[in-house]
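Reading the structure
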Amino acid sequence: MHELGIVFYIIRDVKKAALENAVEHVYGVVMNIGEVSTIVPEYLQDCWRWAADKEEILKGCQLKCNIIPAATYCEDCQSEFSTVEHGKICPHCGSEHTYLLRGNEVEIKEIEV
C-alpha cells in the first residue's frame, strides 16, 4: 500500500504551504486523483485520517478526492477516447499510436483554511 507514503508527501506540502501563509489550521485538502494513477482513494483517505490527526495543524482535516477520468489520444485519427473502457487501442481506427492525455494525476487542488 503506497498510499501511506503519498499521504506523508501531501502532509509535508500542506504544512509547508500553511507555514508560508501563516495559517494556524487546515480544515480540508482537495486532491485530483487520476483514474489510472494506481491510487485507491479509499486507502488514501484511511491513511490520511491516521496520519493527519497526528499533526496539530491538521487535526480533523478532511481529505476530499476528485477522480479524473482517464483519456487517451489517437495520433492517427486525432480522436480522444476512454482509456479504461478501450485500453491503448483506438476504438475508432484500431491504431496503437496512442498516448495518455489525462488520468494519472495525483495533485493537491485546494487547501481549505
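Just above sits the structure.
Worth saying up front: this structure is predicted, and the values here are computed from it rather than measured.

This part is about the packing of helix H1 (residues 3-20) against helix H2 (residues 41-52). Contact pair H1 / H2: the axes reach a minimum separation of 9 Å and the direction vectors enclose 55 degrees. Here H1 is positioned oblique relative to H2, judged by the angle of their axes. Crossing of H1 against H2: the hand is right-handed. Between H1, through Glu3, Leu4, Ile6, Val7, Phe8, Ile10 and Ile11, and H2, the contact on the second element is made entirely by Tyr43, Leu44, Cys47, Trp48, Trp50, Ala51 and Ala52. When grouped by side-chain class, the residues that make up the contact of H1 with H2 number 13 nonpolar, no polar and 1 charged.

Here 3 strands make up an open sheet; going across it, the order is S2-S1-S6 and the pairing mixed. What marks the edges here is a single partner per strand, and that holds for strand S2 (62-68) and strand S6 (106-112). When the angles between neighbouring strand axes are averaged without regard to direction, this sheet yields 20 degrees. Judged from the 7 bridges that link them, strand S1 (residues 28-34) and S2 form a sheet pairing that is parallel. Along S2, the bridge assignment pairs Val30 with Lys64. Together, S1 and S6 form the strand contacts of H1, whose direction differs from that of S6 by roughly 40 degrees. H2 contacts S1 and S2 of the sheet and is inclined by roughly 165 degrees relative to S2.

A few words now on the nonpolar core. Counting residues in each nonpolar core, the largest one holds 21 residues, and the members touching the most others are Ile10, Val26, Val29, Leu44, Trp48 and Leu58. Ranked by residue count, the leading element in this core is H1, at 6 residues. Once residues lying within four places of it in the same chain are set aside, the contact partners of Leu44 are Glu3, Ile6, Val7, Ile10, Ile33, Ile39, Leu63 and Cys65.

On to H1. Taking 1.5 Å per residue, 18 residues should reach 26 Å; H1 reaches 26 Å between its end C-alpha atoms and fits that length. By the burial criterion, the buried members of H1 are Glu3, Ile6, Val7, Ile10, Ile11, Val14 and Ala18. In an axial view of H1, the angular spread of the buried residues amounts to 140 degrees, which keeps them on one side of the axis. With respect to the buried face of H1, the exposed residues turned more than 90 degrees away are Tyr9, Lys16, Leu19 and Glu20. Buried residues in H1 make contact with S1, H2 and S6.

Criteria and thresholds
- Residues numbered from 1 in each chain as written.
- Predicted model: local features only at pLDDT ≥ 70, side-chain atom pairs only at ≥ 80, totals over all residues.
- Heavy atoms only, no water.
- Axes fitted to C-alpha atoms, helices over the stretch in contact; angles between N-to-C directions.
- Helix = DSSP H or I, 4+ residues; strand = E, 2+ residues; numbered from the N terminus.
- Parallel < 35°, antiparallel > 145°, perpendicular 65-115°, else oblique.
- Left-handed = near helix turned anticlockwise from the far one by under 90°.
- Contact = heavy atoms within 4.5 Å.
- Nonpolar A, V, L, I, M, F, W, Y, C, P; charged D, E, K, R; others polar.
- Pairing = 2+ DSSP bridges.
- Core = buried A, V, L, I, M, F, W, Y, C linked by side-chain atoms within 4.5 Å.
- Buried < 20%, exposed > 50% of the residue type's maximum accessible area, 1.4 Å probe, protein only.
- Expected span 1.5 Å × (residues − 1).
- Arc of directions from axis to C-beta.

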